[in-house]
Amino acid sequence: MSSHNDRLGRGIREVLAAASWVAAASCLGGNALAQSQSSAAAEGLEEVIVTAQKRDQSVQDVPMTMSVLSSEMIAVTGAQSLSDLLPLIPAVSGWTIGVQNAIWAIRGMSSTTTDGGGEPSVGVYWDESYAGYLDFANTPIFDVARIEVAKGPQGTLFGKNATAGAISVYTNRPETAGDSLSASIGAGNVGQLRGDFQGNLAINDQLAIRLSGMYDERGDYQKNMVAGGELGSYDRWGVRLGASWQPADAVQVYGYFQSWAASSTGWGGNVWDISGDTDPTHVYSVLSDITDKLEGNIVHVEVDWDVNEAWALKSITDYRDSDYEWEADAAAIPVATLEAITAQAFGAPMSSILLFQLGGVNSRMYQQELRASWTGDDLFFVTGANYVDYRVEYPKTAAQLGLDSFGVRQVDWTGFVGPRKSLGIFADGTWDATDRLSISAGIRYTYDERDWTSYASSDTYLLPDSGSVPVSFITGTSQLPIIDSGCETNILAPCLPPEGVSASESDSGWTPRLAFVYRLSDTLNLFGGIARGYKGGGFNTATDGEKPIGYDPETAMSYEAGLKGESTSLRYSVALFYAEFSDLQVQTIVNSVAFTSNAAKARSQGLEAEMQWHATDNLSMFANYAYVDAKYTEGVIYAGGETYDADGLKLVRAPENTANLGATFIGGLGDWGNWSFIPRLHYQSSQELSPVNRADFQEDGYTTFDARVTVGPRSDAWDVSLVGENLTGETRVY
């Protein structure tokens, strides 16, 4: 495990007790941040419009628990990724390891599978296009209009891989109303630099274009006490060019091209503390020069056609690709140190191997959705189909490096190709049965096909000496003789024929839902619902020597009921939920290899509450709280050479209590300008990080405090902010 320092709202692993940075923003034709906050507070609570049911609705009228982050809230947090924002949302937890592995949980449910063979439990959607796979889920956040988080299984309207919930990101669209330009820059400790910009150009009444981008970097803050070197830095950038075109009154076209890249050092693999050292900046790793890089592209096109007053058609076309690379050099570790590290990690000392990682992942995904909707006086109905074609490939990976006292090294090569296709057909409708009662019902059918081919081989090289061999040796820049090729077995999996071994599977599932909203009064709604979720099956990277080892889909049934209230100054919601999960996909370590199986059944139950209060023209507040009780109810889990009865074990990444409290204070600076002060408090109780609840794989509870002070002139042309994050100096271990 590794020690990291949590910087609330951005997921940055800091070790300093307090971090602060100054941001200066200049705006042309738009409002600066302080004035945006001031205007919102002065005008009271604005109506929140969401599209969770495939049409524009007030969040109060949607029969499910939802949390919504506005563009103003996103700007206040300084978030650059979803992992930066999700701690602000009740019943949501998780973090990002490196630049690819985004591990998130909603109501205690998350994906424990982090390799390319599995499917996620939390569905992520960008402009209604699925982006939930590891390669695409953690795309940098910039120039975003809002983020909607729908809690619980969302299998009917969102499709498979949303058994825990769905996170929907909506980008800002070009506007024909006028031109605008805005930008911000920032600097902070640990070598942090950041900036973003947005420019809108109205060509005419029918066509507008928008260009936006971001950049963020931070330096190293950790020291590797075994292999040497410093870790912890990252940098990321993104740029998006979009266009909005209205060729006719009834037709609207929106599309964009987006490109991004991110890189980091010290992504947390193969790290153990064997010395009792409690300094969170000290990392004990047998690996050095640890880096990972991810870059990707998106082409997205939407076409909306209002056929008449009742009928509307929509087409969404989306293409994504990404390339991920990681590299970690093998250090010359003394045998005694290596034995101590492997004994703690695997339960038995191993002096003949040295962990090593080098490789890459290439992914691409095409998807197409077509849907038709009908709006009547008392009925809204939508139906459609969604097709996803996804391919992930590990072209070649040096998974580990063997040691030998006779001056030879053995490289175990592994790889896989995993194409998969999915087709979903759905129908859903809402009927206003009376002036007070609305009933929603729908169903979706999903059909999945997935193929998998695994590769594994081994080469033995003759070394000039038994010292350290750098990554350049593995990549071929050093010409060392191969004295043997192929093998009968290795630690990861049996060696395979040159063409690999393959398997194919198909699955299908029905995911219905039934929900209602009853208007108790003009300001208070009662809601409830039942929904089923479906998560696709997958394959392990390990094989049995003849074929890849697969696992079946995971399903969920969810029940919830609650209240939503709203007035001019107060908006609140409270909900009770209960969900049961069958054929739960659980990843554990078996013979030092990550292995996923349908190990257990589980249930999640609890309570959520949210509140926004416009107290005065100068003060607004928000608060939220969630209690989650998520446990296995049946099954057997195999880990570390032992078998565990799963009944009663807590689910991973499922803290019982999470809470947030924040406020916005605004005031004037005479005739010159305005100021705002935004403090924010976050609390999370302890959580399990091991499926078998190992005592040494737990994260303690923590409380973090952030604050932001902003000043700017009344002209709204610019503002300056001073931001402090994690001012309580909390340290997280995950």
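Remember, it's a predicted structure, so these values are computed and weren't measured experimentally.

Procedures and definitions
- Residues numbered from 1 in each chain as written.
- Predicted model: local features only at pLDDT ≥ 70, side-chain atom pairs only at ≥ 80, totals over all residues.
- Heavy atoms only, no water.
- Helix = DSSP H or I, 4+ residues; strand = E, 2+ residues; numbered from the N terminus.
- Buried < 20%, exposed > 50% of the residue type's maximum accessible area, 1.4 Å probe, protein only.
- Contact = heavy atoms within 4.5 Å.
- Areas by Shrake-Rupley, 256 points an atom, 1.4 Å probe, with all protein chains shown as cover.
- Phe/Tyr/Trp six-rings, centres within 6.5 Å; stacked < 30°, edge-to-face > 60°.
- Lys NZ or Arg CZ within 6 Å of the ring centre and 35° of its normal.
- Pairing = 2+ DSSP bridges.
- Salt bridge = Lys/Arg side-chain N within 4 Å of Asp/Glu carboxyl O.
- pLDDT = per-residue confidence, 0-100.
- Patch = residues over 30% accessible without salt bridge, like charges linked within 9 Å, V, L, I, M, F, W, Y side chains within 5 Å.
- Polar contact = N/O pair within 3.5 Å; in protein donor to acceptor, adjacent residues only side chain to side chain.
- Core = buried A, V, L, I, M, F, W, Y, C linked by side-chain atoms within 4.5 Å.

Asker: Please explain the overall build of the chain as it appears in this structure.
Answerer: Helix and strand content of the chain: six helices and 46 strands. The buried share of the chain, taken over its 734 residues, is 55%. In the chain, of all internal contacts separated by at least 6 residues, the share reaching a separation of at least 24 is 69%. In the structure as shown, the chain presents an accessible area of about 28,400 Å², 55% of it carried by carbon and sulfur atoms.

Asker: I keep staring at the packing of aromatic side chains and nothing clicks. Help me out?
Answerer: For any two aromatic rings, the description comes down to two numbers: the centre-to-centre distance and the angle of the planes. Enumeration over the complete set of coordinates arrives at 14 aromatic pairs. The interplanar angle of 50° and the centroid separation of 5.6 Å between the aromatic rings of Tyr-254 and Tyr-256 together place this pair among those described as tilted. The class for Tyr-254 is buried, based on a relative accessible area of 2%. We classify Tyr-256 as buried; its relative accessible area is 4%. Here the aromatic rings of Trp-326 and Tyr-394 are separated by 5.7 Å at their centres, their planes lie at 65°, and the arrangement is edge-to-face. Linking Trp-326 in strand S24 (residues 311-330) with Tyr-394 in strand S26 (residues 379-402), this pair joins segments that are 68 residues apart in sequence. Note on Trp-326: relative accessible area 10%, which makes it buried. Its relative accessible area of 15% is what places Tyr-394 among the buried residues. If you follow Arg-107 out to its NZ or CZ, it ends over the ring of Phe-577, 4.1 Å from the centre. A cation over a ring is seen here: Arg-240 above Tyr-256, with NZ or CZ 5.6 Å from the ring centre.

Asker: In this structure, what is going on with the sheet that holds strand S9 (residues 101-106)? I would like to understand it.
Answerer: Backbone-to-backbone hydrogen bonds pair the strands of a sheet. The strands run either parallel or antiparallel. Read from one edge of the open sheet, three strands run S8-S9-S10, paired in antiparallel fashion. Looking along the sheet, the strands with just one partner apiece sit at the ends: strand S8 (92-97) and strand S10 (109-110). Sheet analysis places S9 next to S10, joined by two bridges and oriented antiparallel. Each residue of the ladder has a partner; that of Ile-106, found in S10, is Met-109.

Asker: Explain the pairing of strand S32 (residues 524-535) here, please?
Answerer: Every regular strand shows the same layout, with side chains that alternate between the two sheet faces. Of the pairings in the sheet, the one linking strand S31 (residues 513-519) to S32 comprises seven bridges and is antiparallel in character. If you follow Arg-513 over to S32, its bridge partner there is Ala-531. The pairing of S32 with strand S35 (residues 554-566) spans 12 bridges and is antiparallel. Its bridge partner lying in S35, Leu-524 is registered against Gly-565.

Asker: Honestly, the pattern of salt bridges in this entry has me stumped. Any pointers?
Answerer: Under the criterion given, the structure shown has 26 salt bridges. Residue Arg-146 pairs with Glu-148 through a salt bridge whose shortest N-O separation is 2.8 Å. A single burial state applies to Arg-146 and to Glu-148, both of which are buried. Of the charged contacts in the structure, one is a salt bridge between Arg-450 and Asp-507, with a shortest N-O distance of 2.1 Å. Highlighted residues: Arg-450 in strand S28 (residues 437-462) and Asp-507 in strand S30 (residues 501-510), separated in sequence by 57 residues. Judged on exposure class, the residue Arg-450 and its partner Asp-507 are both buried. Residues joined in a network through salt bridges with shared partners are Lys-54, Glu-128, Glu-369 and Arg-371.

Asker: Can you help me understand the side chain of Thr-51 in this one?
Answerer: You can see Thr-51 is positioned in the loop between strand S5 (49-50) and strand S6 (57-58). Apart from the residues within four sequence positions on either side, Thr-51 is in contact with Asp-56, Arg-146, Glu-148 and Tyr-170.

Asker: Before we go on, may I ask you to explain the confidence of the model for the chain in this structure?
Answerer: Do not read the fine detail of predicted coordinates wherever pLDDT is low. Looking at the chain as a whole, the pLDDT averages 82, with 80% of positions reaching at least 70. Within the chain, S31 carries the highest mean pLDDT (97), whereas strand S3 (residues 12-13) carries the lowest (32). Overall, residues 1-42 carries pLDDT values under 50, and its contacts beyond four positions in sequence, including any with other chains, amount to 183 contacts. For the stretch residues 466-480, pLDDT sits under 50, and the model shows 34 contacts to residues farther than four places along the chain or on other chains.

Asker: I would appreciate a short explanation of the environment of Asp-583 in the present structure.
Answerer: Looking at where Asp-583 falls in the secondary structure, it is placed in strand S36 (residues 570-590). Taking relative accessible area as the criterion, Asp-583 reaches 41% and is therefore assigned partly exposed. Setting aside anything within four residues of it in sequence, one finds Asp-583 in contact with Pro-553, Glu-554, Asn-598 and Ala-600.

Asker: Sorry, what's going on with a nonpolar patch on the surface here?
Answerer: On the surface, a nonpolar cluster with roughly 680 Å² of combined accessible area is contributed by Leu-379, Phe-381, Trp-431, Ile-439, Leu-514, Phe-516, Tyr-518 and Leu-520. For the nonpolar patch, the secondary-structure elements that each account for two or more residues are S26 and S31. As for its position among the elements, Leu-379 is in strand S26. Take Leu-379: its relative accessible area is 35%, and that puts it in the partly exposed class.

Asker: Could you clarify how one ought to interpret the side chain of Gln-57 in this entry?
Answerer: You can see Gln-57 is positioned in strand S6. For Gln-57, a relative accessible area of 10% gives the class buried. Among the polar contacts made by the side chain of Gln-57, one reaches the side chain of Gln-53 at a distance of 2.7 Å. With near-sequence residues (within four places) excluded, Gln-57 lies in contact with Val-48, Ile-49, Val-50 and Val-62.

Asker: For this particular structure, what's the right way to read the nonpolar core?
Answerer: Nonpolar side chains tend to gather and get buried jointly when the protein is soluble and globular. Counting residues in each nonpolar core, the largest one holds 76 residues, and the members touching the most others are Ile-147, Ile-167 and Tyr-632. Counting seven residues, the second-largest nonpolar core is a separate cluster that includes Val-50, Val-59, Met-64 and Ala-150.

Asker: Looking at this structure, how should I read unusual backbone geometry?
Answerer: Apart from glycine, the bulk of residues carry a negative phi angle, and the bulk of peptide bonds sit in the trans form. Not every positive phi belongs to a glycine, and Ala-91 is a case in point at roughly 70°. Mapped onto the elements of the fold, Ala-91 is located in the loop between helix H3 (82-85) and S8.

Asker: Got a minute to help me understand the environment of Tyr-387 in this structure?
Answerer: The topology assignment puts Tyr-387 in strand S26. The exposure class of Tyr-387 is partly exposed, given its relative accessible area of 29%. Tyr-387 sits 59 residues away from Thr-446 along the chain, and the two C-alpha atoms are 9.8 Å apart. In this structure, Tyr-387 is in contact with Tyr-366, Gln-367, Gln-368, Lys-421, Ser-422 and Leu-423, ignoring residues within four places of it in sequence. Within the local environment of Tyr-387, its side chain forms a polar contact with the side chain of Asp-389, the two groups lying 3.4 Å apart.

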